[in-house]
Amino acid sequence: FPGSGLSKVAAELVTMAQDLAEAASLQARPIWWPRILIGLVLAAGLMVLASASSIIRFDRIATGAFDFMQGVEASLNVLILFGFGLLFLWGLEERIKRRRIFRQLHGLRSLIHVIDMHQLTKDPNALDADFTSTEHSPRRTMTAAELGRYLDYCSEMLSITGKLAALFAQSVDDAVVVDAVNDIESLGSNLSRKIWQKITLIEAVPRRG
């Protein structure tokens, strides 16, 4: 259907597919700066912990109880801060990738709704011999074969969007991303199922003579 809105959506899907395939490939690669940062923080924390622990003198607990308690308190504070900092940095790479993937999936979800909008006015009942349009009805000039092919294209594009979303589930091992991908695949499948209901109705609608 050259020149139609659906052809423009199809061209946009091709461009998005290329971008998403490249983005999914990039997400499979490690992000090195958070890993380097974790190593630096780990090394610095161990150095500070060793320095604080040097204050503790077990051989002088009786004569230097204050210094001993001060050293224990300093060591515990370092351990707590070090633990929280390391915990935050440990999931930093995963959060960065997740945010990038969600941005890509949002664009894919928007395109799914655009594809769905293009088939909303394609009503098989318009082929009925008794169908009468109103002044506000959309202009319908497609034959039964053209309408069936048009709806089939919409269904195929929705199927492709699900496959594109699955690329991200393959590139990262993240349960949150997998759930988001499954939601997009379910959305595309549900809309595609409704389109196929229209396609089956085309054969059942009595034609004009």
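The paragraphs below set out a description of the structure included in this document.

## Thoughts on the pattern of salt bridges
Okay, step 1: The final tally for this structure, using the stated rule, is 4 salt bridges.
Okay, step 2: The partner of E93 in a salt bridge is K97, and the shortest N-O contact between them spans 3.7 Å. Placement of both E93 and K97 in helix α4 (residues 92-120) is noted, with a separation of 4 residues, approximately one turn of the helix. Each member of the pair, E93 together with K97, is buried.
Okay, step 3: Salt-bridge contacts for E94 lead to R98; the nearest nitrogen and oxygen are separated by 3.3 Å.

## A look at the environment of N125
Okay, step 1: Residue position: N125 is located in the loop between α4 and α5 (144-171).
Okay, step 2: Look at N125 and you get partly exposed, because its relative accessible area is 39%.
Okay, step 3: Once the C-alpha coordinates of N125 and A204 are considered, the two residues, 79 residues apart in sequence, prove to be 9.6 Å apart.

## Some words on the packing of aromatic side chains
Okay, step 1: Enumeration over the complete set of coordinates arrives at 2 aromatic pairs.
Okay, step 2: Ring centres of F1 and Y150 lie 5.2 Å apart, and the angle between their planes is 70°; on these two criteria the pair is classed as edge-to-face. Of this pair, F1 sits in the segment before α1 (5-27) while Y150 is found in helix α5, placing the two residues 149 residues apart along the sequence.
Okay, step 3: With a centroid separation of 6.1 Å and 85° between ring planes, the pair formed by F1 and Y153 is classed as edge-to-face. In this pair, F1 sits in the segment before α1 while Y153 sits in helix α5, placing the two residues 152 residues apart along the sequence.
Okay, step 4: The class for Y153 is partly exposed, based on a relative accessible area of 35%.

Quick notes on the rules
Residues numbered from 1 in each chain as written. Predicted model: local features only at pLDDT ≥ 70, side-chain atom pairs only at ≥ 80, totals over all residues. Heavy atoms only, no water. Salt bridge = Lys/Arg side-chain N within 4 Å of Asp/Glu carboxyl O. Helix = DSSP H or I, 4+ residues; strand = E, 2+ residues; numbered from the N terminus. Buried < 20%, exposed > 50% of the residue type's maximum accessible area, 1.4 Å probe, protein only. Phe/Tyr/Trp six-rings, centres within 6.5 Å; stacked < 30°, edge-to-face > 60°.

Purely geometric stuff here, so don't read any function into it on its own.
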